[in-house]
Amino acid sequence: MSGTSIEARSSGSGVGSRLYSIIMRQKALVAIGIMMVVMAFSGTQFYTAYNLLDMLNSTSILLILSFGVTLTIIAGGCDLSIGGILVVSGILSIKLQAFMPMELAIALAILFGVLVGFVNGFLSVHQKTEPFIITLGMGLLLTGVAQQLTDAHPVPAKNPAFMMIGNGDFHGVPNLVIIMVVCFALAFWLMRYTQFGRNLYAIGGDYEVARYSGIPVVRTKWLAFVISGGGAALAGFLLSSKLNTGSSIYGDLTALVVNCGVVVGGTSFAGGIGGIPQSALGLLVFGMLDNVMNMLTIESYYQVLLKGVVIVAIIWLDCFAQKRKREFV
Amino acid sequence: MAEIALRMGKNPVARAAEVLFRDYLVLVMIAVLVAITAIVEPKFLTERNLTNIIRQFGPLMMVSLGMTFVILGNFIDLSVAGIMNLVAVVAISLIGPWGQVPALLMGLAIGAGCGALNAAAILTSGALTQAEALFLTFGMSTVFSAFALLYSGGVTQHFWETKASKAMFETIGSGTVVGPISASFVIFLVVLVILWVFQTKTTEGRAISLTGGNKTAARLSGIRIKRSIFVIYVVCGLMTALGAIILFSRTTTATPVLGAGFETNAILAVVVGGTTLRGGKGSVLRTVMGVLLLILMSNCLDLIGVSTYLQVVTKGAILILAIWLDNRKQV
């Protein structure tokens, strides 16, 4: 398991160091716990089924995005192009409906995401470029594509059936939450119980060792990028359906926030550590933070500040936890 | 095929051509771009357009020159957008109550301070990879932008709102020295010489390149890499502040979202110029070429009538292509 826990246990195993190692590993849970305690004394409507379900509903798009990204980060990469894929696939799923039935338009939008993921994988895995900068460039490119497609205006969807996918519910549970849970289960199964998932952990842990152990490293890591692209496209079409519009602005900071959220949960940039449940918790921190700040009616500029501070604090802790494992400093 | 034939020949001309194509592709691209645009659109070579280009490149050039040091040190800085926002709103608001020179100095100090904060976050957490620095500085950028929003209340500030003298900022923004040579161009030349000497002729500058090349090796050879990391972020913050000041002096307004997009453009300019993202190799002169290419390209595309959105697509494609080519060169 993680190196911090082993070290903490070997060095005295006092209550303090045990607590320290728990906080280091479960940063997201600690953050969620703090928020829940604060809200218990706030006297707001936080602990109502309606609010909690609403929070889950509004976070589910980010959660769906995060599952694919987790795969790439566990494999030792990262995917910053998801913001671009999100907006372009959302716009495509609406625009293509003018020419074809809704189902086909959605399928093509998701196929588009898969293709972008394929290109990302080719450049960063097959050609061995730095994934974060290549996917950053891809995100920039796709944002331009989205603006060109819509002339930077929101595109309304005209099909009521399309809107119902993102806004309907099944016996009170919103469709988005159901889709998110299905994606969660799929990704969890993939990472925990399939050879592909276990291989991704091995590749993230040590690329060369994995290669010499006979794992098809290039193909496996490439597939992680493809899945991430497909997941982002799925989230894009769901977002368009939920808002009933496609627009080029929604992707602006999404990519960085989602990647941060994954790391917040405990999936490390070092690769090979983490998992789907951790990512879900990490993104929930951001979802809950939004909800809590709105409940406490904090001014929007202070909300930006708080979010930034949370990002810095948690990434800082993540780097700090790995400091001792490194050869230097 | 022509490349291979050239390499076989090995006469001096062929070797020079090979070096030109491999190491100075950006110069070739600038020449081709200028030639094609001058033929397609005669307005390109008019004096008015050329002055326009010189005016345009000030802010991006300053930010990119600062970013060069960060990338040379094998790190990355996404916080330049946040720093620009903060510096612009604070500096412009201080012109009235403090006077223009203190306002300028305060702007620069804030830039350096923000850079020092970035360095502190990176050094204390022991972040060593670009990806970690990317997310840390992204978080810092959000914090700086939030402070800019809080300080200004989200309001756009204009030069004409203050009655105090702002002649210096007006000179920086739109003044000329000799003929078409603007004041911001002179500032650029001075800064470039200083940074070039710093990078190539001083111990500290050399230490940055060595740190970027291989941190462990640099540390073992007695280079204080923590100091180098601190220096690169402070230089980047300072140059970003200068870029922000030139930008709001030219537009005579400062909004708390003024710097949006500068971080990707600066990284793009540095990488296109030929400074490698792997750190250690590159120079401020290369960045000048990279910025020149970007500004010329957007000017050409504007003249030809390509939409701003497609220009974003082109930028993304060039970024991907530049990194890919750079990577193939290493293999």
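As shown above, the structure is provided for reference.
Numbers given to residues run from 1 along each chain, matching the order in which its sequence is written. Each chain gets a letter, beginning with A, and each ligand a number, beginning with 1, in the order they are written. Given that this is a predicted model, residues contribute local features only at a pLDDT of at least 70 and side-chain atom pairs are listed and counted only at 80 or more, while totals for whole chains, interfaces and linings are drawn from all residues.

Chemist: Describe the overall build of chain B, and please don't skip the residues or the numbers.
Modeler: A tally of regular secondary structure across chain B gives 15 helices and four strands. At 20 Å, chain B has a C-alpha radius of gyration in line with the 20 Å of a compact globule built from 331 residues. On the principal axes, the C-alpha backbone points of chain B span a range of 70 × 55 × 35 Å. Residues with at least 20 other C-beta atoms within 10 Å of their own are called buried, those with 12 or fewer are called exposed, and the rest are partly exposed. The C-beta atoms themselves are positioned from the backbone. For chain B, the residues scored as buried account for 50% of the 331 residues in total. Throughout, a pair of residues is in contact if the C-beta atoms placed from their backbones lie within 7 Å. Taking the contacts inside chain B whose residues are at least 6 apart along the sequence as the reference set, 76% of them involve residues at least 24 apart. Under the DSSP-based scheme used, a helix requires at least four consecutive residues in state H or I and a strand at least two consecutive residues in state E, with every element numbered from the N terminus. To get the radius of gyration, use the C-alpha atoms; to get the globule rule, take the number of residues to the power 0.38 and multiply by 2.2 Å.

Chemist: Lay out the overall build of chain A with the relevant residues and their values.
Modeler: Scanning chain A for helices and strands turns up 15 helices and four strands. Radius of gyration (C-alpha) of chain A: 20 Å, near the 20 Å computed for a compact globule of 329 residues. Each principal axis of the C-alpha distribution contributes one length, and for chain A these read about 65 × 55 × 35 Å. The proportion of buried residues among the 329 residues of chain A is 51%. Considering only residue pairs separated by 6 or more positions, chain A has 77% of its internal contacts joining residues 24 or more positions apart.

Chemist: I'd like a description of the environment of Glu 41 of chain B, backed by residues and values.
Modeler: Residues and elements named next belong to chain B. Secondary-structure assignment places Glu 41 in the loop between α3 (25-40) and α4 (47-72). For the pair formed by Glu 41 and Lys 329, sequence separation is 288 residues and the distance between their alpha carbons is 34 Å. Discounting residues that sit within four places of it in the chain, Glu 41 has contacts with Leu 303 and Ile 304.

Chemist: Could you give an account of the interface of chain A and chain B, with specific residues and numbers?
Modeler: Taken residue by residue, the interface counts 42 residues in chain A and 40 residues in chain B. Those elements that place two or more of their residues in the side of chain A that touches chain B are α7 (131-150), α13 (254-265) and α15 (300-323) of chain A. The classification used treats Ala, Val, Leu, Ile, Met, Phe, Trp, Tyr, Cys and Pro as nonpolar, Asp, Glu, Lys and Arg as charged, and all other residues, Gly among them, as polar. Of the residues contributing to the side of chain A that touches chain B, the split by class is 27 nonpolar, nine polar and six charged.

Chemist: Go over helix α14 (residues 284-304) of chain B with me, naming the residues and quoting the values.
Modeler: Here α14 of chain B spans 30 Å end to end across 21 residues, near enough to the 30 Å set by a 1.5 Å rise per residue. Gly 305 of chain B sits one or two residues past α14 of chain B and shows a positive phi near 100 degrees. Given a helix with a known number of residues, its expected span is that number minus one, times 1.5 Å.

Chemist: Give a description of the environment of Ala 146 of chain B that names residues and reports values.
Modeler: Residues and elements named next belong to chain B. Position of Ala 146 relative to the elements: it lies in helix α7 (residues 130-152). Using a count of 24 C-beta atoms within 10 Å as the deciding quantity, one classes Ala 146 as buried. Here the alpha-carbon distance between Ala 146 and Val 257, two residues 111 residues apart in the chain, equals 10.0 Å.

Chemist: Before we move on, could you go through the environment of Thr 46 of chain B and cite the residues and values that matter?
Modeler: All names here are of chain B. Residue placement: Thr 46 occurs in the loop between α3 and α4. A count of 10 C-beta atoms within 10 Å places Thr 46 in the exposed class. The spacing of Thr 46 and Thr 171 is 125 residues in sequence and 23 Å in space, taken between C-alpha atoms.

Chemist: How would you sum up the packing of helix α5 (residues 80-98) of chain B against α7 of chain B? Please name residues and give values.
Modeler: A packed helix pair is summarised by two numbers, namely the angle formed by the two axes and the spacing between the axes. Residues and elements named next belong to chain B. Between N-to-C directions, angles cover 0 to 180 degrees, with each direction set by a line fitted to C-alpha atoms, over the stretch in contact for helices. Put simply, α5 and α7 touch, their axes get as near as 7 Å, and they point 20 degrees apart. The pairing of α5 with α7 is recorded here as roughly parallel in orientation. For the pair α5 and α7, the sense of crossing is left-handed. Across the interface between the two elements, Ala 81, Gly 82, Ile 83, Asn 85, Leu 86, Val 89 and Val 90 of α5 pack against Met 140, Ser 141, Thr 142, Val 143, Phe 144, Ser 145, Phe 147, Ala 148, Tyr 151 and Ser 152 of α7. Grouping the amino acids of the contact of α5 with α7 by side-chain chemistry returns eleven nonpolar, six polar and no charged. Angles are sorted into four bins: roughly parallel if under 35 degrees, roughly antiparallel if over 145, roughly perpendicular if 65 to 115, and oblique for all others. Take the far helix as your reference; a near helix turned counterclockwise from it by less than a right angle gives a left-handed crossing, and one turned clockwise gives a right-handed crossing.

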